[in-house]
Amino acid sequence: MTIRRLAAASGTALCLASSPVLALDDLRFTSPAMSDDLGDQIRNNSALAAIEAEAEDAAPDGQDVLAAALSDYGILLETLYANGYYGGIISILIDGREASEIPLLSTPDTVGTVTVRIDTGPSFEFGRTELTPLAPETELPEAFARGETARASVVGDAAEAGVDGWRDIGHAKAEVTDQQVTANHRTSELDVAMRIAPGPELRVGRLDTDGSSAVRTAAQRRIAGLPSGERFDPEEVQDVTNRLTRTGAFSSVTVREAEQPNPDGTLDMIVDVVDNKPRRFGFGAEISSLEGLSLTAFWLHRNLWGGAERLRIDGEVTDIGASGSDALDASLTARLEVPAAIAELGPNTDAFFEASVSTLNEPTYSADTAELTAGLTRRFNDDLTGEIGVGLLYSQTEDDLGEREFLLFTLPLSLTWDKRDIDLDPTSGWYLDAELTPFYNLDGEGHGARLFTDLRGYYGFGESKSTVLAGRLQLGSVVGAELEDTQPEFLFYSGGAGTVRGQPYQSLTVEFDGNETGGRSFLGLSTELRQDINDTWGVVAFADAGYISEASAPGTEGDWHAGAGLGVRYSTPIGPLRVDVAGPVSGDTGDGVQLYIGIGQAF
């Protein structure tokens, strides 16, 4: 007996269900002594149930009903096998006639009642469970053992685990060559005997392409970083796929093994790619009652010179219609990324070049800046990324301390560790972004470093994680430079959507020699309780607090303020639409209610 996996049966049901069919007048499932769980699976997988659910208020179409019924014999048998029932009897009656006995050329024009009768028979257990030979340290499913329920899927999982065990140690062409599965109806046992042919241990060969991509073959090979000459490892092959995908130059990437190894014991890999559209643009908006409207837009050019380079230009205009402000903030940033730019550093290190200009009109200062940065981005694994660069920053500022110019040499460093399950709407995991920027003033006093850390955590309750507790800790510090010698953009302020909702934007500052300015240290705390009402709507209760100090270390010579509020979330394909209403809880920096609207959770 050959056992197919349930996934194949389910796929057939979905294909049938997607056809334009009409409703049944009466569909009945009768299954004595069947568990509720199995009964649910039967209905969920049934093609007949699918066409009944999709078609409403229409006369039944006999041809479609008969086709679905004939499919259900196999689909429902697979469902029984998947749950350990190998002696089941399935009968599908269409107006009293067995569907399998209705001639295809005599399909009824109309159908009144369809009755699906299922007798599961006894539940089978595994008897003999043999899978040989196994590679060292191969772990088979615990359910693949004598006395366990003989689910068909477990047999497939065991075979897959046995083959993967050999592939993990270099035997790329390992396969199951003999499979004997016998259902003993007298003892209600399923005996399984499978044999694996490991094949030879192979080394990685060369990477071949079909040359159809606009990305040069040499660039594809450089980015892929295939470890030619090393022992075959499936994880390395997956890494090749991930590296090519991350460039954004391709809409799909498939890396497959050559059918036959080479005579020298190497196995070539073949990459099939489909190019992405070379250009893309997008925009976004966020609004709050005090900070006004913020508009953002970007333009992206992929594969700029044939090496999968990415040029992205971002523009932002904020404080449109902001309360108490008649000046806008604006910025323009261009960033060029070159994947695997330096061969000696390997395929996981990219180069970047960035240029930006901005004009800022903040509550306590105004500044016109221009910055140039070049550096490297290193991806240590799927979750951890680091960046190092060198930069030159020019800033012309005006605040309570007067008009000043800064020309800084910077060495920006950052580390991002992202363990969230979903970026825009996380329900579990955590996120850490740490930035350290040493700076040297080439035009006067004020040498030091700026440190900022953003730590977020998420915990979802229950299987569906419909309730999520989220927390955020932000820490910032400027060390080395005195406050009056630090450019205002490097100092810290609190209040607004990114720090303390309910308090006016950048409303918490420090008083320095009778002047109002930012602080050299910042501490921000936020917590949210998110509750889904259904698949579309959710509500949020939140509280934020912020602390600013003149000193470099939080905890001395500083002030707190806090805010709290409620919000609603509406699910969209690009992330939840966020609407928050908040007011001040402590501190004397604001009063009244603030409104915030945006896309994605607040953090």
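Our structure's up above, just so we're on the same page.
Residues numbered from 1 in each chain as written. Predicted model: local features only at pLDDT ≥ 70, side-chain atom pairs only at ≥ 80, totals over all residues. Heavy atoms only, no water.

What to know about the overall build of the protein
Regarding its fold elements, the protein presents seven helices and 29 strands. Radius of gyration (C-alpha) of the protein: 32 Å, far over the 25 Å computed for a compact globule of 603 residues. Judged by the C-alpha coordinates and their principal axes, the protein covers about 95 × 65 × 45 Å. The burial tally for the protein puts 43% of its 603 residues in the buried class. Roughly 29500 Å² of accessible area belongs to the protein as shown, and the carbon and sulfur atoms make up 53% of that amount. Here the protein contributes 43 positively and 96 negatively charged side chains, and the mean placements of these two sets differ by 8 Å. (Helix = DSSP H or I, 4+ residues; strand = E, 2+ residues; numbered from the N terminus. Rg over C-alpha atoms; globule rule 2.2 N^0.38 Å. Buried < 20%, exposed > 50% of the residue type's maximum accessible area, 1.4 Å probe, protein only. Areas by Shrake-Rupley, 256 points an atom, 1.4 Å probe, with all protein chains shown as cover. Lys, Arg positive; Asp, Glu negative; His and termini not counted. Charge placed at Lys NZ, Arg CZ, Asp CG, Glu CD.)

Considerations on the sheet that holds strand 6 (residues 175–184)
Pairing between the strands of a sheet comes from backbone hydrogen bonds, and it takes one of two forms, parallel or antiparallel. Taken in spatial order, the three strands make up an open sheet running 5-7-6, and their pairing is mixed. Of all strands in the sheet, those bounded by a partner on one side alone are strand 5 (125–132) and strand 6. Here the strands of the sheet are splayed against their neighbours by 10° on average, with no regard to which way each runs. In this structure, strand 6 lies alongside strand 7 (residues 189–197), joined through nine bridges in antiparallel fashion. Along strand 7, the bridge assignment pairs Gln179 with Met194. Here helix 5 (residues 152–167) sits on the sheet and contacts strand 5, strand 6 and strand 7; the angle it forms with strand 7, its principal contact strand, is near 20°. (Pairing = 2+ DSSP bridges. Axes fitted to C-alpha atoms, helices over the stretch in contact; angles between N-to-C directions. Contact = heavy atoms within 4.5 Å.)

Re the nonpolar core
With 27 residues, the main nonpolar core has Leu48, Ile92, Ile94, Val114 and Val116 as its most contacted residues. Those elements that place two or more of their residues in this core are strand 1 (26–30), helix 2 (36–45), helix 3 (47–54), helix 4 (62–82), strand 2 (89–94) and strand 4 (113–119). If you tally residues by element for this core, the top one is helix 4, at eight residues. The contacts of Ile92, once residues within four sequence positions are left out, are Leu48, Ala69, Asp72, Tyr73, Arg97, Glu98, Ala99, Val114, Thr115 and Val116. Listed in part, the 24 residues of the second largest apolar core include Ala172, Ala224, Leu244 and Ala258. (Core = buried A, V, L, I, M, F, W, Y, C linked by side-chain atoms within 4.5 Å.)

Some details on helix 3
Within helix 3 the residues assigned to the buried category are Ala47, Leu48, Ala49, Ala50 and Ile51. For helix 3, the capping residue at the N-terminal end is Ser46, with a side-chain oxygen 3.2 Å from the backbone nitrogen of Leu48. (Polar contact = N/O pair within 3.5 Å; in protein donor to acceptor, adjacent residues only side chain to side chain.)

Comments concerning the pattern of salt bridges
Taken as a whole and judged by the stated rule, the model has 26 salt bridges. Residue Glu257 is joined to Arg167 by a salt bridge in which the shortest nitrogen-to-oxygen separation is 2.7 Å. Residue Glu257 is found in strand 9 (residues 250–257), and its partner Arg167 is found in helix 5; the two are separated by 90 residues along the sequence. Take Glu257 and Arg167: they sit in the same class, and that class is buried. Between Arg420 and Asp423 there is a salt bridge whose closest N-O contact spans 3.7 Å. (Salt bridge = Lys/Arg side-chain N within 4 Å of Asp/Glu carboxyl O.)

Things to note about helix 5
Under the 1.5 Å per step criterion, the end-to-end length of helix 5 is 23 Å for 16 residues, consistent within 8% with the ideal 22 Å. Among the 16 residues that make up helix 5, twelve are buried, leaving the element largely enclosed by the rest of the structure. Along helix 5, the residues that are buried comprise Ala152, Val154, Val155, Gly156, Ala158, Ala159, Ala161, Gly162, Val163, Gly165, Trp166 and Arg167. Its buried side turned inward, helix 5 meets helix 4, strand 5, strand 6, strand 7, helix 7 (234–246) and strand 9. (Expected span 1.5 Å × (residues − 1).)

Overview of the packing of aromatic side chains
Each aromatic ring pair is summarised here by two numbers: the centre-to-centre distance and the angle between the ring planes. Tallying each qualifying case throughout the model produces eleven aromatic pairs. Taken together, a centroid distance of 6.5 Å and an interplanar angle of 20° make the contact between Phe452 and Phe492 stacked. Placement of the pair is Phe452 in strand 21 (residues 448–461) and Phe492 in the loop between strand 22 (467–479) and strand 23 (510–512), with a sequence separation of 40 residues. Assigned by exposure class, Phe452 and Phe492 land together as buried. Chaining the aromatic ring pairs together yields one cluster made of Tyr81, Tyr86 and Phe124. Over the ring of Phe298 we find Arg312, and its NZ or CZ is 4.0 Å from the ring centre. The ring of Phe542 has Arg501 lying over it, and the distance from NZ or CZ to the ring centre is 3.9 Å. (Phe/Tyr/Trp six-rings, centres within 6.5 Å; stacked < 30°, edge-to-face > 60°. Lys NZ or Arg CZ within 6 Å of the ring centre and 35° of its normal.)

Notes on the pairing of strand 28 (residues 577–586)
A regular strand places its side chains on the two faces of the sheet in alternate fashion. Where strand 27 (residues 558–570) meets strand 28, nine bridges bridge the pair, whose relative direction is antiparallel. Its bridge partner being in strand 28, Val568 is matched across the sheet by Val579. Between the end of strand 27 and the start of strand 28, which pair antiparallel, lie six residues, with Gly575 showing a positive phi angle near 130°. Relative to strand 29 (residues 594–599), strand 28 runs antiparallel, the two being bridged by six bridges. The residue bridging Ala582 from the neighbouring strand is Gln594, located in strand 29.

Concerning a negative patch on the surface
Among the surface-exposed residues, Glu125, Glu137, Glu139, Glu142 and Glu148 lie close enough to one another that they form a single negatively charged patch. By the secondary structure assignment, Glu125 is in strand 5. (Patch = residues over 30% accessible without salt bridge, like charges linked within 9 Å, V, L, I, M, F, W, Y side chains within 5 Å.)

Re the sheet that holds strand 8 (residues 203–209)
The three strands are arranged 8-10-9 in an open sheet whose pairing can be described as mixed. Whereas interior strands pair on both sides, the edge strands pair on one side only; in this sheet they are strand 8 and strand 9. Along the sheet, successive strands turn relative to each other by an average axial angle of 25°, direction set aside. As defined by bridge partners, strand 8 adjoins strand 10 (residues 266–275) across five bridges and the pair is classed as parallel. Residue pairing for strand 10: Thr209 is matched across the bridge by Val271. Those strands touched by helix 7 are strand 9 and strand 10, and its axis lies near 160° from that of strand 9.

Here we look at the packing of helix 3 against helix 4
Think of two packed helices as two axes; the pair is described by the angle between the axes and how far apart they sit. Taken N-terminus to C-terminus, the directions of helix 3 and helix 4 make an angle of 140°; their axes are 7 Å apart at the nearest point. When the axes of helix 3 and helix 4 are compared, the pair comes out oblique. Between helix 3 and helix 4, the contacting residues are Ala47, Leu48 and Ile51 on the first element and Asp64, Val65, Ala68, Ala69, Asp72 and Ile75 on the second. Looking at the contact of helix 3 with helix 4 residue by residue, the class counts come to seven nonpolar, no polar and two charged. (Parallel < 35°, antiparallel > 145°, perpendicular 65-115°, else oblique. Nonpolar A, V, L, I, M, F, W, Y, C, P; charged D, E, K, R; others polar.)

Geometry only, nothing functional implied.
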